[in-house]
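# Summary of the model geometry
In case you want the letters, here they are:
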Amino acid sequence: MSNNKFMVRKAAVLGAGVMGAQIAAHLVNADVETFLFELPADGDNANANVSKAVEKLKKQEPAPLSIQDKAAYIQPANYDQHLELLKDCDLVIEAIAERMDWKSDLYTKVAPHLGEQTIFASNTSGLSINQLAQAFPEELRHRFCGVHFFNPPRYMHLVELIPCVTSDAAMLDNLEAFLTTYMGKGVIRAKDTPNFIANRIGVFSLLTTMHHGEAFGFGFDQVDALTGTLIGRPKSATFRTADVVGLDILAHVINTMRDTLPDDPWHAYFAVPDWLQGLIDTGALGQKVKRGVYQKKGKEIQVLDLATQAYRLSSGDVDEEVKQLLKYSSPAEKFAGLRNSHHPQAQFLWSIYRDVFHYCAVQLEVIADNARDLDLAIRWGFGWDRGPFEIWQAAGWKQIATWINEDIAAGKSMSRTPLPDWVMAIAESEAQGVHSAQGSYAPVAKTLHSRSTLPVYQRQLFPDRLVGEGVSYGETIFETDALRMWHIGDDIAIVSFKSKKHTIDIDVLNGMQQAIQEAEQNWRALVIWQTEPPFSFGANLQKATERTKKDKPQKNTPPPPPSVFDRFMKKFKKSAQTTVLKAARELDLADVLMAKKLAEVESLVAKFQQISQALRYAMIPTVAGVDGPALGGSCEFIMHCDRAVATLESYIGLVEAGVGLLPAGGGCKEFALRAAQNAKDGDPFPRIKDYFQTVAMAQLAKSAEQAKALGYLRSADPVVMNRFELLHIAKAQALALAEAGYRPPLRSREIAVAGSTGIATIKSSMVNMLEGGFISEHDYLIGSKIAEVMCGGDVTPGSLVDEKWLLDLERAAFMELLATEKTQARIEHTLKTGKPLRN
């Protein structure tokens with residue numbers, strides 16, 4: 001292979017089924033022009049099969065496309081008319097049905113049309129890559145390998161890269177780099193064994209869970225209650241996951257293990273259960289047909305009851321005794337509790353852990369190079385918080401190994417195969433397990449293998465760490481209970497929040513103020529980056545808005561001095577004072593105390609606005625490195641930074657209207673400002689109308705690309721595909737701004753606003769929605785307040801205002817809404833249930 005830089009300008013996907021179409025979607029998410037091939041359709045449109053698949057992508061949830069407009073970049077093609085297109089493709093991925101004969105026939109057909117440097121890869125989930133390679137002419141086999149994406153390809157981090165014996169080493173390195181940076185994937189190199197790494201272990205875990213669930217007499221919902229988030233696995237747990245994957249796909253993988261692993265010590269368990277085959281035979285294939293182990297009837301989730309062969313209400317629960325065991329912070333205590341407990345649920349959990357640990361230890365040298373590859377494959381491909389070896393190591397390597405051996409001897413394990421010698425060798429050594437800062441154990445080499453040294457991984461300043469590896473986030477500049485400011489030996493300062501879900505309260509705001517001042521004095525730029533998602537769930541108003549019983553005074557308690565309430569009222573604009581004073585005449589003493597709480601909230605809001613403005617006008621560049629949810633106030637921080645660098649899976653939004661409020665950390669002001677700056681013919685209203693809809697409907701972007709479309713991000717803000725490269729790119733952006741001789745923007749003092757006419761236009765459209773029953777009266781009030789702020793208040797259209805004017809309007813409107821009972825009810829309901837209330 002050439003040593004030149006590998007670039008994928010064009011790609012093709014062969015097969016427009018569920019996986020093929022979604023892989024094509026993710027290629028265009030990465031801005032790769034993509035041809036999607038399928039068999040020609042009957043009739044006038046030979047590409048109808050592909051066109052239908054692309055239309056499905058637009059409707060699918062979760063969305064395979066980062067934004068629907070990307071679908072236009074998937075070009076339909078068919079094998080009869082368009083094979084010549086393949087010669088211009090740098091990468092071709094085959095994703096047709098899992099039939100060796102069908103794949104071989106297709107390879108023979110397309111091979112003559114491939115370009116001289118085209119990489120050809122199969123997305124097979126478990127067929128032999130070496131056997132598939134035999135269908136290629138010998139001179140092309142060095143450009144062939146397996147690339148196994150996991151479903152759904154956009155969201156699952158794992159891609160297994162499987163070489164055949166003739167795969168070119170440089171080609172594999174180039175492909176790994178492309179998959180890592182441009183597709184955003186975690187690449188694990190797997191050996192060419194049936195089902196590779198993740199499916200081999202993941203499906204075995206599912207089989208052992210089925211086996212022990214049946215042995216203990218648990219229903220499907222009971223098993224799912226036990227094997228979901230309580231033990232660090234996805235909410236979909238076991239059988240819901242099977243429904244999502246597809247029961248027919250699951251059966252195929254199980255049968256592959258049965259047919260290709262006759263010597264596996266656990267082979268007796270590689271069988272499709274009768275109940276699973278029965279569901280498949282009746283067409284109940286899972287989520288894709290809306291019926292499988294589970295089905296939804298109206299709002300009711302039902303589960304198949306094996307005893308009656310009928311569906312019933314899903315009601316699985318975990319006993320309180322077992323919940324308490326799982327709450328132990330010490331993994332060693334947790335596992336000791338599970339193993340020693342006589343509770344059936346605890347014994348079930350110990351059994352499935354034990355058998356997975358046992359299987360992983362025996363099969364590691366066969367399927368993977370080292371323990372790190374196995375653990376990361378399960379984390380990235382099946383969504384576990386920790387891989388099997390990590391869990392084992394955290395719980396005490398030697399003790400768990402001893403218990404497994406005892407259960408093998410007692411005939412409790414699913415196999416009597418002994419643990420490999422290396423397991424006990426580690427147990428008797430000074431090592432804590434298979435993972436350490438020096439690397440992860442590789443059983444064939446009988447040594448530790450460090451992480452890959454490919455240049456692409458130098459971009460991952462803090463890669464996904466394993467138990468035992470440890471991580472140190474740079475050198476501290478200063479640290480409080482709320483946040484930490486630090487650096488990694490250069491001129492860029494980084495600030496990370498320490499609050500739960502990285503919410504923003506007064507302590508975080510004070511810390512941000514200190515961080516900005518420190519950065520201006522001693523650093524070239526400031527990056528806001530969290531060590532793990534989310535970016536932030538926004539402002540934490542719970543304590544400030546909570547009206548507790550202890551706040552209610554005794555009947556004979558004298559009222560506070562009038563000046564307390566007066567000072568609170570003076571902070572309102574006149575437009576807000578009228579409403580609040582009218583309500584105040586009817587306030588009892590408890591309401592006066594609530595007024596004091598509202599005053600505290602307004603102080604918090606004012607501080608929020610101050611920090612947003614400080615980010616905008618700091619003397620050094622400010623960059624937000626965004627990954628995961630970035631809600632409410634944190635979105636406002638992002639909008640005020642000089643640059644945002646966001647991962648594709650950043651879910652950004654001003655969602656305050658959902659709890660009866662409006663954005664008051666500068667969000668409404670910022671949209672009014674952007675509308676004026678981008679106004680056509682001096683009229684900001686067309687832009688305001690779109691921004692109003694975004695804010696009033698509390699629209700949450702489902703990707704960074706959609707965040708650009710909604711206006712939360714700027715068109716120049718980079719989108720990063722791999723979240724582990726986020727900090728590297730955010731720092732590079734900050735440094736580029738600093739190197740260019742950064743100066744903050746001049747303060748906007750003449751912002752043209754839509755004024756009273758804009759307000760009236762928006763209100764008239766809301767009146768129609770109110771009369772039609774689409775919104776409530778309180779929704780109308782919230783929308784009116786948003787319109788008043790974003791249009792600049794009751795002023796003549798085209799009036800020029802400054803940022804302070806808009807911020808004052810924003811703060812006053814926020815406080816008016818917060819003072820209403822219906823908004824308080826919405827906040828309380830959302831805090832309690834996590835769901836919005838419409839009142």
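Residues numbered from 1 in each chain as written. Predicted model: local features only at pLDDT ≥ 70, side-chain atom pairs only at ≥ 80, totals over all residues. Heavy atoms only, no water.

### Focus: the overall build of the chain
On a plain count of helices and strands, the chain comes out with 30 helices and 23 strands. For a compact globule of 839 residues, the expected C-alpha radius of gyration is about 28 Å, and the chain comes in at 30 Å, within 12% of that figure. Summarising its shape, the C-alpha atoms of the chain cover approximately 85 × 65 × 60 Å along the three principal directions. The buried share among the 839 residues of the chain stands at 56%. (Helix = DSSP H or I, 4+ residues; strand = E, 2+ residues; numbered from the N terminus. Rg over C-alpha atoms; globule rule 2.2 N^0.38 Å. Buried < 20%, exposed > 50% of the residue type's maximum accessible area, 1.4 Å probe, protein only.)

### Regarding the pairing of strand β20 (residues 643–653)
Where burial is concerned, most of β20 is hidden: 10 out of the 11 residues are buried. In terms of strand pairing, strand β19 (residues 622–631) meets β20 through eight bridges, oriented parallel. Along β20, the bridge assignment pairs alanine 624 with alanine 644. Once the chain exits β19 it traverses helix α22 (residues 633–640) before rejoining the sheet at β20, and the crossover so formed is right-handed. Looking at chain direction, β20 and strand β21 (residues 719–720) are connected through two bridges and run parallel. By the bridge assignment for β21, threonine 647 is matched with valine 720. (Pairing = 2+ DSSP bridges. Right-handed = clockwise from strand over helix to strand, strands pointing away.)

### Quick look at the sheet that holds strand β9 (residues 294–297)
Spatially, the three strands line up as an open sheet ordered β9-β10-β11, and their pairing is antiparallel. Strand pairing shows two members of the sheet lacking a second neighbour, β9 and β11 (310–313), which therefore form its edges. Between one strand axis and the next, the sheet turns through 40 degrees on average, direction left out of account. As paired elements, strand β10 (residues 300–305) and β11 share four bridges and run antiparallel to each other. Looking across to β11, one finds that valine 303 is bridged to arginine 312. (Axes fitted to C-alpha atoms, helices over the stretch in contact; angles between N-to-C directions.)

### Here we look at the environment of glutamate 333
By the element assignment, glutamate 333 lies in helix α12 (residues 331–340). Take glutamate 333: its relative accessible area is 47%, and that puts it in the partly exposed class.

### Describing the confidence of the model for the chain
Put simply, the chain has an average pLDDT of 92, and 93% of its residues get 70 or more. For residues 547–590, every residue scores under 50 in pLDDT, and the model assigns this stretch 39 contacts once sequence neighbours within four places are set aside. (pLDDT = per-residue confidence, 0-100. Contact = heavy atoms within 4.5 Å.)

### Things to note about the packing of aromatic side chains
Going through the model one piece at a time under the given rule, you end up with 39 aromatic pairs. Between tryptophan 266 and tyrosine 359 the ring centres are 4.9 Å apart and the planes differ by 80 degrees, which places this aromatic pair in the edge-to-face class. You can see tryptophan 266 sitting in the loop between α9 (247–260) and α10 (274–281) and its partner tyrosine 359 sitting in helix α13 (residues 344–367), a full 93 residues away along the chain. Summarising the burial analysis for this pair, tryptophan 266 and tyrosine 359 share the class buried. Through successive ring pairs, a cluster of aromatic residues spans Phe335, Tyr353, Phe357, Phe389, Trp392, Trp397, Trp422 and Tyr441. Cation over ring: arginine 240 sits above tyrosine 294, and NZ or CZ is 4.2 Å from the ring centre. Sitting over the face of the ring of tyrosine 617, arginine 747 holds its NZ or CZ atom 4.2 Å from the ring centroid. (Phe/Tyr/Trp six-rings, centres within 6.5 Å; stacked < 30°, edge-to-face > 60°. Lys NZ or Arg CZ within 6 Å of the ring centre and 35° of its normal.)

### Focus on the pattern of salt bridges
Inspection of every chain in the model, using the stated rule, returns 42 salt bridges. One salt bridge connects lysine 103 with glutamate 98, and the closest N-O pair in it is separated by 3.2 Å. The partly exposed category is assigned to glutamate 98, whose relative accessible area is 21%. Glutamate 670 serves as the salt-bridge partner of arginine 674, at 3.2 Å between the closest nitrogen and oxygen. (Salt bridge = Lys/Arg side-chain N within 4 Å of Asp/Glu carboxyl O.)

### A short note on the sheet that holds strand β8 (residues 186–189)
What the eight strands build is an open sheet, ordered β3-β2-β1-β4-β5-β6-β7-β8; its pairing is mixed. Of all strands in the sheet, those bounded by a partner on one side alone are β3 (74–78) and β8. Neighbour-to-neighbour, the strand axes of this sheet turn through a mean angle of 25 degrees, independent of strand direction. Docked against the sheet, helix α14 (residues 371–382) engages β7 (158–163) and β8, running at close to 140 degrees with respect to β8.

### With respect to the packing of α12 against helix α15 (residues 388–409)
The interhelical angle for the contact between α12 and α15, taken along N-to-C directions, is 30 degrees, at an axis separation of 8 Å. Judged by the angle between their axes, α12 and α15 are roughly parallel. Of the two elements, α12 crosses α15, and the hand of that crossing is right-handed. Contact residues: Pro331, Ala332, Phe335, Ala336 and Arg339 in α12; Ile391, Ala394, Ala395, Ile400, Trp403, Glu406 and Asp407 in α15. (Parallel < 35°, antiparallel > 145°, perpendicular 65-115°, else oblique. Left-handed = near helix turned anticlockwise from the far one by under 90°.)

### Some remarks on the nonpolar core
Ranked by internal contacts, the top residues of the largest apolar core, which has 115 residues, are Phe389, Trp392 and Trp422. The biggest single contributor to this core is α13, with 14 residues. (Core = buried A, V, L, I, M, F, W, Y, C linked by side-chain atoms within 4.5 Å.)

### Overview of the side chain of glutamine 22
As for its position among the elements, glutamine 22 is in helix α1 (residues 18–29). Separated by 3.3 Å, the side chains of glutamine 22 and asparagine 151 make a polar contact. (Polar contact = N/O pair within 3.5 Å; in protein donor to acceptor, adjacent residues only side chain to side chain.)

### Quick look at the packing of α9 against α10
In a packed pair of helices, the relevant descriptors are the angle between the two axes and the axis-to-axis distance. At a closest axis distance of 10 Å, the pairing of α9 and α10 adopts a crossing angle of 135 degrees. Relative to α10, the element α9 lies oblique. Read as a crossing pair, α9 and α10 show a hand that is left-handed. Of α10, the residues touching α9 (which contributes Leu247, Asp248, Leu250, Ala251 and Ile254) are Leu276, Leu279 and Ile280. The class makeup of the residues in the contact of α9 with α10 is seven nonpolar, no polar and one charged. (Nonpolar A, V, L, I, M, F, W, Y, C, P; charged D, E, K, R; others polar.)

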